[in-house]
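# Tertiary structure, described
Listed here are the chains, written in short residue letters.
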Amino acid sequence: MKKLLISLFVITFVFGSSIGSLTGMNRASAQQKPIPPYAKWGTLALQKTHEKYPHAEIIDYLHIGRTSGPQTSTEKFKLWLKDNNKEFGVFVNIEFNKETEKVVKVTFQETSR
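Here goes a summary of the coordinates provided. Small disclaimer: the values here were computed from a predicted structure and weren't measured. (Residues numbered from 1 in each chain as written. Predicted model: local features only at pLDDT ≥ 70, side-chain atom pairs only at ≥ 80, totals over all residues. Heavy atoms only, no water.)

Our focus in this paragraph is the environment of V92. Tracing the backbone shows V92 in strand β3 (residues 86-97). For V92 and T49, which are 43 residues apart along the polypeptide, the C-alpha to C-alpha distance reads 7.8 Å. Those residues in contact with V92 that sit more than four places away from it in its chain are A45, T49, E75, K76, F77, L79, V106, T107 and F108. (Helix = DSSP H or I, 4+ residues; strand = E, 2+ residues; numbered from the N terminus. Contact = heavy atoms within 4.5 Å.)

The structure is reproduced here in structure tokens:
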């Protein structure tokens, strides 16, 4: 069930779709949007965050951007989590090899803002 919720979360926030368009409602008026290049990294950020904070609910998602070095790039995300009555942000950075797209490292930094 959590994987389904995470998948719907990714589709809704990463791709900017509405639940109506996912279920086929308003199909004629739904606009097809291209999949952003960071989509697979966003899915990985959600997955790794869920692994690190298994009891927390991911309630918001933001793609901050990408930085590039000579051999690696880093996709940066900010997720907002709720664990019991505590809400907090987590910056997730995914560094990967530009040529192979193999993940080098995933880092987390909690924030209160």
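Here we come to the pairing of β3. Summarising the sheet, strand β2 (residues 72-83) and β3 pair through 12 bridges and their orientation is antiparallel. Looking across to β3, one finds that L81 is bridged to F88. Note that β3 and strand β4 (residues 103-111) share 8 bridges and pair antiparallel. Across the sheet, the residue bridging to G89 is T111, located in β4. What sits between β3 and β4 in their antiparallel hairpin is a turn of 5 residues, with E101 showing a positive phi close to 60°. (Pairing = 2+ DSSP bridges.)

Here we come to unusual backbone geometry. One non-glycine residue, N84, lies in positive phi territory at about 60°. Within the secondary structure layout, N84 lies in the loop between β2 and β3. One non-glycine residue with positive phi stands out, namely E101, at about 60°. Following the sequence through the fold, E101 ends up in the loop between β3 and β4.

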